[in-house]
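An overview of the molecular structure
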Amino acid sequence: MVVPKHGVFTTRENKVYQMKKLLVSAIPALALSIAVGTAQAGETLDAVKAKGFVQCGVSTGLPGFSVADDKGNWGGLDVDVCKAVAAALFGDAGKVKFSPLTAKERFTALQSGEIDMLSRNTTWTLTRDSNLGLNFAGVNYYDGQGFMVSKKLGVKSAMELSGASVCIQAGTTTELNLADYFRANKMEYEPITYDTSDETVKGFEAGRCDVLTSDQSQLYALRIKLSDPNGAMVLPEVISKEPLGPVVRQGDDDWFNIVRWSLNAMLNAEELGVSSKNVDEMKGSSDPNIRRLLGLEGIKGEGLGLADEWAYNIVKQVGNYGEAFERNVGSGSPLKISRGLNALWNNGGIQYAPPIR
Amino acid sequence: MSDQPSDAMTPGKPAPWNDPKIRAIVFQALLVGAVVMFGFYLINNTLYNMEQRGISTGFSFLEKESGFGVTQSLIEYDETHSYGRTFFVGLLNTVLVSVLGIFFATLLGFVMGVARLSKNWLVARVATAYIEIFRNIPLLLQIFFWYFAVGINFPRPRESLALGEVFFLNNRGLFMPRPVTEDGFGLVVAALIIAIVAVFFMVRWAHRRQDATGQPFHTVWASLGLLVGLPLVAFLAAGNPLTWEYPELRGFNFKGGLSVLPELFALTLALTVYTGTFIAETVRAGIQSVSHGQTEAARALGLRESKLLQLIIIPQAMRVIIPPLTSQYLNLTKNSSLAAAIGYPDLVAVFAGTTLNQTGQAVEIIAMTMAVYLSLSLTISLFMNWYNAKMALRER
């Protein structure tokens, strides 16, 4: 057979040395190369513009963050970030398609180009940021891991949990924090690892495990899924830092900027008191900060390559961060989570966005 | 006619591009070349893309500390062991459930296959009902059923069902005493090995004797006597070198003893019941493939019913049964990867699940996982092919 020495492969010859190093991974390469191959087809932003919508990875159903209603419409705090990006890019928050993903599937889906961005209560860690070819575009929810137990057990603190069976969802940082916590406190446990959060809840309800562990926001969300929400309680301990935020693939900085600043626009809008209800009146404001946000003066949409009213569209169609929070997880929702860490920096929390100027 | 028209009539050597042999070789070479180039392109493209996206590659992650726990492990494992160790933990759990499943499915399948041909109306209908129901429900649903509807619906640990304060059944599993060997137990093991070797030689001797003299020998009873008797004598001689560790309720759950997780129970049961139906049908077909004339001839020779089955029907039926049986064993092994759905820590759940997600090394991990299932399947095939060749009709 003939393999051209200076034919189609010439451009990749500098990569050939890797062949030896990775000869063993030949089979996997075959398995994933088709998927990864599609990611190469143009920069993410160009691809998104060409197809006319944002393909956004969300959870398979987590109340308050990303959940589909009975008509199949997605809603939630994470979903609103996807919508904000669509509003900034296309001027229409509806131009999003959602891919429900399990915790295990999410990074592969993003790496392979199946989705353009991931907004799925994903914790920002060093490994994920540096080793997976991904970039975290910000933090839309500051969370921490906690424990939920049945009230019948009479447990008041996580320190009393030695020997307990713990239901947990596969492929999460929770799994590692749990092991760390029990090891550090010299306690034993039995991890029961399920694939989806639905099965995790079922296992907990049936009594397969004594404890369900997850990010605290999720615990409140999962608790209302129980047949008897009042029979379960969330323990006071928070055992980890879980900054959750939207994620994009490395390699397209323009796209990364759009996602990051869509989230920043929502935060800045709340800080400036601009909401979906008053945004049209605010156009008449004389405050230069507000005028810059709404694209009336300053750099406008130029740096991001967007229309000047990009931030106006976000606030008008999706709302500011505070509105999204209250509507999805706060007082306007069944979850009733207080702002806590997620209040703005000038209001006792740590949500802080760089200025638009 | 004395002319020699041979030059004109017999075809001369055709031109190379018309020679069918050369053509065949050229086309095959082209095909092989195209396949190799395609493969080369895929690998290159993957490496290039992963490099471009800053995804790290290689197998060095296997040595890093895993940092997560696993419910069930046949080898020593905790959070401080490496990712490489999680591979073996998952692999052994997969092998465990596959071996258990194959064993019980074969048992159930043979019983139900024979029962379906029973002359007893009720027995035959029960077998038919079993086969038709469980063959036609998707396996995943059956796994969910055995797990969520049965496996974890037993009482909570504090209200366990107890049998003589020794066996306990609750929604955390089945707990039973664990034998703890003491000094001198090696003697019992040695006795068992001697008994097995003795039985092997005795069977050979009995065959030869029967061939030579026609005298049958009660090998079954003699073997049983040897297998039970010898170790028992050694056990008593060594002064009872075995104690039991009993499970007891401590804190949230039972500690000590042996336990069978509900996940293992549900998965084994579902795989057994599902694959058993296919094996039953295979067995039925095998038995029915032996012509009735064989049965009549055996009866004419005066063979008893049991001998008829043992010497005439089963050896011939096995030739039909073994090849499809192999496929069922392969299916069962591969189906065991549905374990992830109910939290049984098999290879897919532990290694291609948690480890993959913690490290992000999808390409390497999926490759290793696929290689495992391929090797497991090829091993089963190899063994069954050997067995098939052994059972095949020897034409003289």
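**Digging into the overall build of chain B**
Each helix and strand counted, chain B has 12 helices and 8 strands in total. The globule rule puts the C-alpha radius of gyration for 396 residues at 21 Å, and the 29 Å found for chain B is more than 25% above it. Once the C-alpha set of chain B is aligned to its principal axes, its extents read approximately 105 × 80 × 45 Å. In chain B, the proportion of contacts linking residues at least 24 apart, taken out of those at least 6 apart, comes to 67%. Counting only carbon and sulfur atoms, one obtains 67% of the accessible surface of chain B, whose full area is about 22000 Å². The average position of the 28 basic charges and that of the 24 acidic charges among the side chains of chain B differ by 10 Å.

**Some words on the sheet that holds strand 9 (residues 164–169) of chain A**
All names here are of chain A. Strand order in the open sheet made by the 5 strands is 10-9-11-8-12, with mixed pairing throughout. Strand pairing shows two members of the sheet lacking a second neighbour, strand 10 (189–194) and strand 12 (232–234), which therefore form its edges. Across the sheet, the mean angle separating the axes of adjacent strands is 30 degrees when strand polarity is ignored. As defined by bridge partners, strand 9 adjoins strand 10 across 6 bridges and the pair is classed as parallel. Within strand 10, the position partnered with Ile-168 by the bridge is Thr-193.

**As for the packing of helix 4 (residues 77–90) of chain A against helix 10 (residues 253–271) of chain A**
All names here are of chain A. Running from amino to carboxyl end, helix 4 crosses helix 10 at an angle of 110 degrees, the nearest separation of the two axes being 9 Å. One finds that helix 4 runs roughly perpendicular with respect to helix 10. Between helix 4, through Val-81, Ala-84, Val-85, Ala-88 and Leu-89, and helix 10, the contact on the second element is made entirely by Trp-255, Ile-258, Val-259, Ser-262, Leu-263 and Met-266. For the contact of helix 4 with helix 10, the class distribution of residues is 10 nonpolar, 1 polar and no charged.

**Re the interface of chain B and chain A**
Opposite the 63 residues of chain B that make contact, chain A presents 70 residues. When the two sides are added together, the surface that chain B and chain A hide from each other amounts to roughly 5700 Å², 59% of it contributed by carbon and sulfur. The largest contributions to the chain B side of the interface with chain A come from Arg-53, Phe-252 and Asn-357 of chain B, which together make up 14% of the buried area. If you look at where chain B meets chain A, you find 3 salt bridges. In this structure, Arg-208 of chain A and Glu-263 of chain B form a salt bridge, with 2.7 Å as the shortest nitrogen-oxygen distance. Counting across the interface, chain B meets chain A through 13 residue pairs in polar contact (both at pLDDT 80 or more).

**Structural notes on the confidence of the model for chain A**
Considering every residue of chain A, the mean pLDDT works out to 85; 88% of them sit at 70 or more. Counted against residues more than four places away or in other chains, residues 1–42 of chain A, with its pLDDT under 50, gives 58 contacts.

**Quick look at the environment of Thr-354 of chain B**
Relative to the helices and strands, Thr-354 of chain B is located in helix 11 (residues 347–359). Residue Thr-354 of chain B is classed as buried on the basis of its relative accessible area of 3%.

**Some remarks on unusual backbone geometry**
Residues and elements named next belong to chain A. Despite not being glycine, Lys-186 has its phi angle at roughly 55 degrees, a positive value. Look at Lys-186 and you get exposed, because its relative accessible area is 76%. In this structure, Lys-300 takes a positive phi of about 55 degrees despite not being glycine. Locating Lys-300 in the fold gives a position in the loop between helix 12 (288–293) and helix 13 (310–317).

**Considerations on the pattern of salt bridges**
A full pass over the atoms with the stated rule returns 18 salt bridges over all chains. Between Arg-327 of chain A and Asp-80 of chain A there is a salt bridge whose closest N-O contact spans 2.7 Å. Remark: Asp-80 of chain A occurs in helix 4 and Arg-327 of chain A occurs in helix 14 (residues 321–328); sequence separation between them is 247 residues. By relative accessible area, which is 40% here, Arg-327 of chain A ends up partly exposed. What makes Asp-80 of chain A buried here is its relative accessible area of 4%. Here the salt bridges share partners, and the residues they tie into one network are Arg-116, Glu-132, Arg-135, Glu-281 and Arg-284 of chain B.

**A short note on the pairing of strand 9 of chain A**
Residues and elements named next belong to chain A. Within strand 9, 6 of the 6 residues are buried, which leaves it mostly tucked inside the rest of the structure. A two-sided burial pattern is seen for strand 9, the buried positions comprising Ala-164, Val-166 and Ile-168 on one face and Ser-165, Cys-167 and Gln-169 on the other. Where strand 9 lies against strand 11 (residues 211–215), 2 bridges are found, and the strand directions are parallel. Bridged to Cys-167 within strand 11 is Leu-212.

**A closer look at the layout of surface pockets**
Taking a probe equal in size to a water molecule and rolling it over the atoms shows the remaining empty space. Computed from the structure, the largest pocket encloses a volume of approximately 900 Å³. Lining the largest pocket are 30 residues, with Tyr-189 and Glu-190 of chain A together with Val-70, Thr-71 and Gln-72 of chain B positioned closest to its centre. Of all the elements in the fold, those that place two or more residues in the lining of the largest pocket are strand 9 and strand 10 of chain A together with strand 7 (253–255) and strand 8 (258–260) of chain B. The class makeup of the residues in the lining of the largest pocket is 13 nonpolar, 10 polar and 7 charged.

**Observations regarding the sheet that holds strand 1 (residues 161–163) of chain B**
Residue and element names in this part refer to chain B. Taking strand neighbours across the sheet as the criterion, the 4 strands line up as 1-2-3-8 in an open arrangement whose pairing is antiparallel. Single-partner strands in this sheet number two, and they are strand 1 and strand 8. Along the sheet, successive strands turn relative to each other by an average axial angle of 15 degrees, direction set aside. Of the pairings in the sheet, the one linking strand 1 to strand 2 (residues 167–170) comprises 3 bridges and is antiparallel in character. Counterpart to Ala-162 in the pairing with strand 2 is Phe-168.

**Considerations on the domain arrangement of chain B**
What the domain assignment reports for chain B is domain 1 (83–175 + 247–391) and domain 2 (178–245). With centres defined by C-alpha atoms, the gap from domain 1 of chain B to domain 2 of chain B works out at 29 Å.

**Overview of the packing of aromatic side chains**
Throughout the structure, instances matching the rule amount to 23 aromatic pairs over all chains. Centroid distance Phe-65 of chain A to Tyr-141 of chain A: 5.2 Å. Interplanar angle 80 degrees. Geometry classified as edge-to-face. Note that Phe-65 of chain A is positioned in the loop between strand 1 (54–58) and strand 2 (67–68) and Tyr-141 of chain A in strand 7 (residues 141–143), a separation of 76 residues in sequence. For the pair formed by Phe-65 of chain A and Tyr-141 of chain A, the shared burial category is buried. Ring geometry for Tyr-147 of chain B and Phe-148 of chain B: centres 4.9 Å apart, planes at 70 degrees, overall edge-to-face. For the pair formed by Tyr-147 of chain B and Phe-148 of chain B, the shared burial category is buried. Members of the aromatic cluster, joined through ring pairs, are Phe-65, Tyr-141, Tyr-321 and Phe-325 of chain A. Positioned over the ring face of Tyr-312 of chain A is Lys-283 of chain A, at 4.1 Å from the centre of the ring.

**A few points about the state of the cysteines**
Residues and elements named next belong to chain A. Considering all chains together, one arrives at 2 disulfides over all chains under this definition. In this model, Cys-56 is linked to Cys-82 through a disulfide, with the two sulfur atoms separated by 1.9 Å. Residues Cys-56 and Cys-82 are joined through a disulfide that is left-handed, its torsion about the S-S bond being -40 degrees. Taken together, the residues span a long stretch of sequence, with Cys-56 in strand 1 and Cys-82 in helix 4 at a distance of 26 residues. The partner cysteine of Cys-167 in its disulfide is Cys-209, sulfur to sulfur 1.9 Å. Here the disulfide of Cys-167 and Cys-209 is left-handed, its torsion about the S-S bond being about -105 degrees. Taken together, the residues Cys-167 in strand 9 and Cys-209 in the loop between helix 8 (197–205) and strand 11 connect sequence positions 42 residues apart.

How each quantity is defined
Residues numbered from 1 in each chain as written. Chains lettered and ligands numbered in written order. Predicted model: local features only at pLDDT ≥ 70, side-chain atom pairs only at ≥ 80, totals over all residues. Heavy atoms only, no water. Helix = DSSP H or I, 4+ residues; strand = E, 2+ residues; numbered from the N terminus. Rg over C-alpha atoms; globule rule 2.2 N^0.38 Å. Contact = heavy atoms within 4.5 Å. Areas by Shrake-Rupley, 256 points an atom, 1.4 Å probe, with all protein chains shown as cover. Lys, Arg positive; Asp, Glu negative; His and termini not counted. Charge placed at Lys NZ, Arg CZ, Asp CG, Glu CD. Pairing = 2+ DSSP bridges. Axes fitted to C-alpha atoms, helices over the stretch in contact; angles between N-to-C directions. Parallel < 35°, antiparallel > 145°, perpendicular 65-115°, else oblique. Nonpolar A, V, L, I, M, F, W, Y, C, P; charged D, E, K, R; others polar. Buried area = accessible area lost by both parts, 1.4 Å probe. Salt bridge = Lys/Arg side-chain N within 4 Å of Asp/Glu carboxyl O. Polar contact = N/O pair within 3.5 Å; in protein donor to acceptor, adjacent residues only side chain to side chain. pLDDT = per-residue confidence, 0-100. Buried < 20%, exposed > 50% of the residue type's maximum accessible area, 1.4 Å probe, protein only. 1 Å grid on protein atoms, 1.4 Å probe; cavity = no way out; pocket = protein on both sides within 12 Å on 5 of 7 lines; lining within 4 Å. Points joined across faces, edges and corners; volume = space filled by probe spheres on them. Domains from an automatic or database assignment. Phe/Tyr/Trp six-rings, centres within 6.5 Å; stacked < 30°, edge-to-face > 60°. Lys NZ or Arg CZ within 6 Å of the ring centre and 35° of its normal. Disulfide = S-S within 2.5 Å.

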